[in-house]
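A structural walkthrough
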Amino acid sequence: QVQLVESGGGLVQPGGSLRLSCAASRSIFSIYQMGWYRQAPGKQRELVAVMSSGSITNYAVSVKSRFTISSDNAKNTVYLQMNSLKPEDTAVYYCNARVVDVYEHDYWGQGTQVTVSS
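First, a word on scope: everything that follows refers to the structure included in this document. These numbers come from a predicted model, not from an experiment. (Residues numbered from 1 in each chain as written. Predicted model: local features only at pLDDT ≥ 70, side-chain atom pairs only at ≥ 80, totals over all residues. Heavy atoms only, no water.)

**Looking at the pairing of strand 1 (residues 4–7)**
The condition that has to hold: Using a 1.4 Å probe on the protein chains alone, a residue whose accessible area is under 20% of its type maximum counts as buried, one over 50% counts as exposed, and one in between counts as partly exposed. Starting at the N terminus, helices and strands are each numbered in turn, a helix being any DSSP run of H or I of at least four residues and a strand any DSSP run of E of at least two. Here a strand pair is declared whenever DSSP counts at least two bridges between the two strands.
Across the two faces of strand 1 the burial differs, with Leu4 and Glu6 buried and Val5 and Ser7 not buried at all. Relative to strand 3 (residues 18–24), strand 1 runs antiparallel, the two sharing four bridges. Within strand 3, the residue paired with Leu4 across the bridge is Ala24.

Structure representation (structure tokens):
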């Protein structure tokens with residue numbers, strides 16, 4: 001089991017920045033993959049950025065070069081630095097942890113709203 005608590009969402013103007021945080025209830029060394037997904041109204045949840053095995057990262061094309069995923073292992077926390085935000089980045093952002101043993105288990109945070117608007 002992994003509990004995830006997100007923070008850092010809010011309202012920002014286009015071109016602005018936000019940093020999201022996701023605190024895990026156990027060591028992220030024990031978690032195969034952690035990342036961020038988002039869901040805009042009327043759309044499916046989509047991958048934003050994920051980090052596997054501590055250092056391998058993957059980004060959605062739409063956020064590459066603007067968003068950066070990172071981790072602080074001592075704090076069991078994953079971050080998403082979002083720069084040059086656009087109105088189309090508006091969504092609820094969810095932290096995800098994927099644990100792999102015999103099966104894959106996905107755990108989700110409660111979500112944090114990011115609104116990009118002038």
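Right, picking up where we left off after that structure.
**Some thoughts on the sheet that holds strand 3**
Rules: All axes here are fitted lines through C-alpha atoms, helices being fitted over the stretch that makes contact, and every angle between N-to-C directions spans 0 to 180 degrees.
With antiparallel pairing, four strands are arranged side by side in an open sheet as 1-3-8-7. Strand pairing shows two members of the sheet lacking a second neighbour, strand 1 and strand 7 (67–72), which therefore form its edges. This sheet shows a mean twist of 15 degrees between the axes of neighbouring strands, independent of strand direction.

**Quick look at the environment of Trp36**
Along the chain, the position of Trp36 falls in strand 4 (residues 33–39). Under the relative-accessibility criterion, Trp36 is labelled buried at 0%. Sequence spacing of Trp36 and Cys95 is 59 residues, and the spatial spacing of their C-alpha atoms is 4.7 Å.

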